[in-house]
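# Examining the three-dimensional arrangement
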Amino acid sequence: MRRGDPGFQAGEETPLPPFGVSRGILTQITASVFDMVKVVKRAYKYRFYPTPEQAADLSRTFGCVRKVWNLALQARTTAWDQRQERVTYVRSSAMLTQWKRSDDFAFLAEVCDSVVGIDAGITSLATLSTGEKIINPRHESRDRARLSLAQRRLARTQKGSANRDKARLKVARVHARIADRRKDFLHKLSTRIVRDNQAVVIEDLSVRNMVRNHHLARAISDAAWRQMRAMLEYKCEWYGRDLVVIGRWYPSSTTCSACGHHAGPLPLNIREWACVTCGTRHDRDINAAQNIRAAGLAVLACGAGVRPQRESSRAGGRR
Ligand SMILES: [Zn+2]
């Protein structure tokens, strides 16, 4: 971004990608707005003040970018000076893969290649392939209790009375509060997941199964998961991440993530199981998240979908 470009205010001098991210970063976003006949280009300029946590992430990312650039430059210079060879993009890319594998630069893989699989659950809202379990926020059960109290009070009031209006308002307020807190929680979670990973892999949950199950816990977690998925979709788009959606017929819960053995149907109350083939003990949800991640990696690597497995979908799906 140059100073004095038409349409820009000449602001402070724009820093090059900063080495420590203590100063604000200028970002330019150009959007095309179709206005009946002509295309209007709009530019917005943002100054972003990262929190200490974000600053650390950014420094790490810029550190990696700088490291890779320097390594590649060094490789190119040496190749030309000593052997008059040119290093193509393809070769540089192959070198990067090598570097990521070596212990010295293992941290590169952490930033460049992190892919996370997410399993949507009931007892915990989600489980990540890293082993992290996202439990439903603790305030939720208290909020639910408050809601049912307010609803009981409303039911006892007389139609058309002033007390009924008051009680109705109270119920609406509790509802709004629950929705707000949940949304806030999901925003923080989805932002963190998208920010920390280059690709996010989720499962396309069966709509049919959702309707069939009338349990309240299930209904709530389904609603939250739908919201979460929508957030992941647009945030991945914003931040240039890949979102891979795996078909619902994929038996992520019942396949051993260590050896690929298919264990057959596992009742929902079984939270841990051991693979009969390789002996690995699995936490049901973490194993599922790891399989989802593996399926996503396959999609990312070859661009191909994972084929449906007829048997397993007939056996009643994943759950
Ligand atoms: Zn196994």
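Look up: the structure comes first, before these words.
Residues numbered from 1 in each chain as written. Predicted model: local features only at pLDDT ≥ 70, side-chain atom pairs only at ≥ 80, totals over all residues.

### As for the overall build of the protein
What counts here: Helix and strand definitions follow DSSP, with helices as H or I runs of at least four residues and strands as E runs of at least two, each counted in order from the N terminus. Each residue is classed by its C-beta neighbour count within 10 Å, where at least 20 other C-beta atoms makes it buried, 12 or fewer makes it exposed, and intermediate counts make it partly exposed; the C-beta atoms are placed from backbone geometry. By the criterion used throughout, residues are in contact when their C-beta atoms, derived from the backbone, lie within 7 Å.
Helices and strands together make up the secondary structure of the protein, namely nine helices and nine strands. In the protein, which comprises 319 residues, the proportion classed as buried is 18%. For the protein, long-range pairs separated by at least 24 residues make up 61% of all intrachain contacts whose partners lie at least 6 apart in sequence.

### Looking at the sheet that holds strand β3 (residues 115–120)
Rule in force here: Only strands that DSSP links by at least two bridges are regarded as paired with each other. For helices, the fitted axis covers only the stretch in contact; all axes are lines through C-alpha atoms, and the angles between them, taken along N-to-C directions, range from 0 to 180 degrees.
Pairing within the open sheet is mixed, and its five strands lie in the order β5-β4-β3-β6-β7. Two strands bound the open sheet, and with one partner strand each, they are β5 (133–135) and β7 (242–246). Neighbour-to-neighbour, the strand axes of the sheet open up by a mean angle of 20 degrees, direction not taken into account. Here β3 runs beside strand β6 (residues 199–203); their pairing, made up of three bridges, is parallel. Looking at β6, one finds that V115 is bridged to A199.

### Here's the deal with the nonpolar core
Cut-off, in case you're wondering: Any nonpolar core is a set of buried residues, restricted to Ala, Val, Leu, Ile, Met, Phe, Trp, Tyr and Cys, that join up through C-beta atoms within 7 Å.
Core analysis: the biggest nonpolar cluster contains 28 residues, and I118, V200, V201 and I292 have the highest contact counts within it. If you list the elements that add at least two residues to this core, you get β3, β4 (124–128), α5 (162–196), β6, α7 (216–239), β7 and α8 (284–302). Of all the elements, α8 adds the most residues to this core, at six residues. When neighbours within four sequence positions are excluded, I118 is seen to be in contact with A126, L128, V200, V201, I202, A289 and I292.

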